[in-house]
Amino acid sequence: MEHDDAPQQPWLHDLSLTLAAPTQVWSAADGQIGTVGLAGVHHGERRVLSLLRLEVDGREPTAVAAHTARGDSTTYVAVPRHLGDPGPDPTVRVERRRDVEPGLVRERYTISSTAAEPVTCTLGLLVGADLAPLDGVKGGTGRPAVAPDGVGGHVLSWQQDSLRAVLRLPGAHTTREGDHARAVWDVVVPPGQSVTHELLLTLDDTRAAVTAPSREAGWSRVEVQSADRRLAPLVDRCLDDLRLLRLAAPGADGVEEEFVGAGAPWFLTLFGRDSLWTARMLLPVSTDLAMSTLRLLAHRQGTRTDDATAEEPGKILHEVRSAGFSLNEADDDGADRHLPPVYYGTIDATPLWALTLHDAWRWGAPDDEVERLLPALERALAWQVEHGDADGDGLLEYVDRSGHGLSNQGWKDSGDAVRRSDGSRASSPLALAEVQGYAYAAAVHGADLLDAFDRPGADRWREWADRLRREFAQRFWVEDAVGAFPAIALDRDKRPVVSLTSNIGHLLGTGILDADGVDVVARRLVGSDMLSGFGIRTLSTQAAGYSPTGYHVGSVWPHDTAICLAGLAAEQRPETAPVADALLAALTAFDGRPPELFAGDSRSAQPTPLPYPAACRPQAWSAASALSLVSSVLGLRPERDRLTVDPVRPWSFGETRISGLGTHGRPVDIEVSADGVGALATR
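Procedures and definitions
- Residues numbered from 1 in each chain as written.
- Predicted model: local features only at pLDDT ≥ 70, side-chain atom pairs only at ≥ 80, totals over all residues.
- Heavy atoms only, no water.
- Helix = DSSP H or I, 4+ residues; strand = E, 2+ residues; numbered from the N terminus.
- Rg over C-alpha atoms; globule rule 2.2 N^0.38 Å.
- Buried < 20%, exposed > 50% of the residue type's maximum accessible area, 1.4 Å probe, protein only.
- Lys, Arg positive; Asp, Glu negative; His and termini not counted.
- Charge placed at Lys NZ, Arg CZ, Asp CG, Glu CD.
- Salt bridge = Lys/Arg side-chain N within 4 Å of Asp/Glu carboxyl O.
- Core = buried A, V, L, I, M, F, W, Y, C linked by side-chain atoms within 4.5 Å.
- Contact = heavy atoms within 4.5 Å.
- Pairing = 2+ DSSP bridges.

Q: Sorry, what's going on with the overall build of the protein chain here?
A: Within the protein chain, the secondary structure is distributed over 13 helices and 31 strands. Computed over its C-alpha atoms, the radius of gyration of the protein chain comes to 26 Å, within 12% of the 26 Å expected for a compact globule of 683 residues. For the protein chain, the C-alpha atoms occupy an extent of roughly 85 × 60 × 55 Å along the three principal directions. The buried share of the protein chain, reckoned over its 683 residues, is 59%. Separation between the mean location of the 66 positive side-chain charges and that of the 95 negative ones in the protein chain comes to 2 Å.

In structure tokens:
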């Protein structure tokens, strides 16, 4: 079926990104920003500049190289081949350095020459803005150009609603070209010298739902020295990307609370599930981030029942934006699915909130901070029973009652994510397998917290968890030609959705499985139909609906594999090592910046993982998967002020020393010998 004329989501796998949330600049690999696709200067939920083309004498220079020292700075080098001395050697070059801070983009253009004679030329910029909303850009629609104010001077500006952008071009003269503007500098470069001009763009949105944090990242510095030279750059890049994804929003009494935005370009905002998983994976370096994220989500915890927003008392939200967000897909009646600014349509964020609180406490979060969140914990646990289990059958299930929200509300939230092995889609209400594991662990560990702080109710939640465990054992287990495994879900008729998926890996470490169940799940995850060599596929290759580039039906998601890996490590399974090897290979293949997802092709068929062209990068939980991998292979287990280490066997990383991880804010040095014997040394 042809669909050449239909708007399509832009691809970004081959684009260059310079980022400091909530500001991001996407360009072609040579630094140029054209008028199609995603490319542009984005701030918050709006693309501001959609055109920023560098020219020398009206021509685009020939790109030579690009490099980045860190995620918020990129340098592009090009050659204007019509300038300089005759002959094959380039004697004139243009260096374009792009630096991004929250609400600020600076570009410096340096023309340098080793030519024998002075070089005379014009340095020009063609500038355009469309002020398009992010969901429109994602849907492939965009907007017509918006003409700037101030043409004729060296300061251009755009104002729309709450957004204001001011572009300063010192020393340039500007002219109008339709709804675009052209800025030109006259340049003379003496032999052996250089001339620099710059652009400065300031951006402000007074109605933004989230902003940049006012302080630097508080997590400890992690230093890795290892015979396996892949580890150190992966951890460095992971923490740098997460630093650049940090955002903030007002919590209780207007106090700023920090969290990590879900990912660039589409999800630079607060997402309950994503921000919690990211904070949870980062607990070895910071409990402060987790506690701030928990407080912010508790501040927005549901208080009423509202089908339009999916809000319910005690429920943790799905996402927050300053305006609604179009999903660019139709509902059953053909209308556009459109999420409200504050949307609660998630089945798993609430138990994940409870689990993150418990884990933060175990990693040494201050007792007084944890205790202040116990009322929110009690509301979250009550939600699981009173609203999460809408039909009272002892299982958590979801359904979109609004008709315009997410049809699937687990982490695999695309419309076709929950399929049977014959390829048919399951109908909601749906009870997802992994959500039952989260809910079980949330009830058990929530009870542990209540006991630790002498609060009542622990017995109720343990009894509820026991019933859930029995229900899961009786209703989720199915078989295929290979043997038994848990179904991905129960459908609206409470029939198992028979399909082997990565969801079952999230059950490991939750306690909902008995020893035999753990053994089965661990072995099924590393079967050739599930483990690609670069990670665990979202769907078995044996399923009729499998596609290596299916968003949730065959691709590999780094965070998903990292969660499965953490579960295998917690259960001390021998399958930990091959899964760790696969994830490490994938992270390395993407130079330490793993995308949201990539294709599920076998490593034997594709020696490097194929990009999913529309995948976000950096994605918070993908970046955090690097640190999660390190924690898993080290076998880190916290217990308040005590940390133990039990490295995975076989240990394949050689002699390794890692500093900067620890509990109670006290970093330790972790040393692992070449043969895998681990030891701790408190600083």
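Q: Mind showing me how you'd approach the pattern of salt bridges here?
A: Pairs can form between side chains of opposite charge once their charged atoms are near each other. Tallied over the entire structure, the rule returns 52 salt bridges. Between Arg 96 and Glu 107 there is a salt bridge whose closest N-O contact spans 3.0 Å. Separated by eleven residues along the polypeptide, Arg 96 in strand β7 (residues 92–101) and Glu 107 in strand β8 (residues 104–113) bring together distant segments of the chain. On the basis of relative accessible area, Arg 96 is assigned to the buried category, the value being 2%. Between Arg 657 and Glu 671 there is a salt bridge, and its shortest N-O distance comes to 1.9 Å.

Q: Any chance you could explain the nonpolar core here in plain terms?
A: One recurring pattern in soluble globular proteins is that nonpolar side chains are buried together. Ranked by size, the top nonpolar core spans 165 residues in total, and within it Leu 242, Trp 353, Leu 357, Leu 377, Val 418, Leu 634 and Leu 661 carry the most contacts. Sort the elements by how many residues they give to this core and helix α8 (residues 433–452) lands first, with eleven residues. Beyond its immediate sequence surroundings of up to four residues, Leu 377 is in contact with Trp 353, Ala 354, Leu 357, Gly 446, Leu 449 and Leu 450. In terms of nonpolar packing, the next biggest core, distinct from the first, is built from 40 residues, Ala 20, Val 25, Leu 52 and Leu 169 among them.

Q: What is the right way to look at the sheet that holds strand β22 (residues 431–432) in this model?
A: One key point about sheets: their strands pair by backbone hydrogen bonds, in either a parallel or an antiparallel sense. Reading across the sheet, the three strands line up as β22-β25-β26 and stay open at both edges, with antiparallel pairing between neighbours. The open sheet terminates on both sides in strands that have one partner only, identified here as β22 and β26 (496–497). Of the strand pairs in this sheet, β22 and strand β25 (residues 489–490) are connected by two bridges, and their pairing is antiparallel. Within β25, the residue paired with Ala 431 across the bridge is Leu 490.

Honestly, that's just the spatial picture; any functional story needs more than this.
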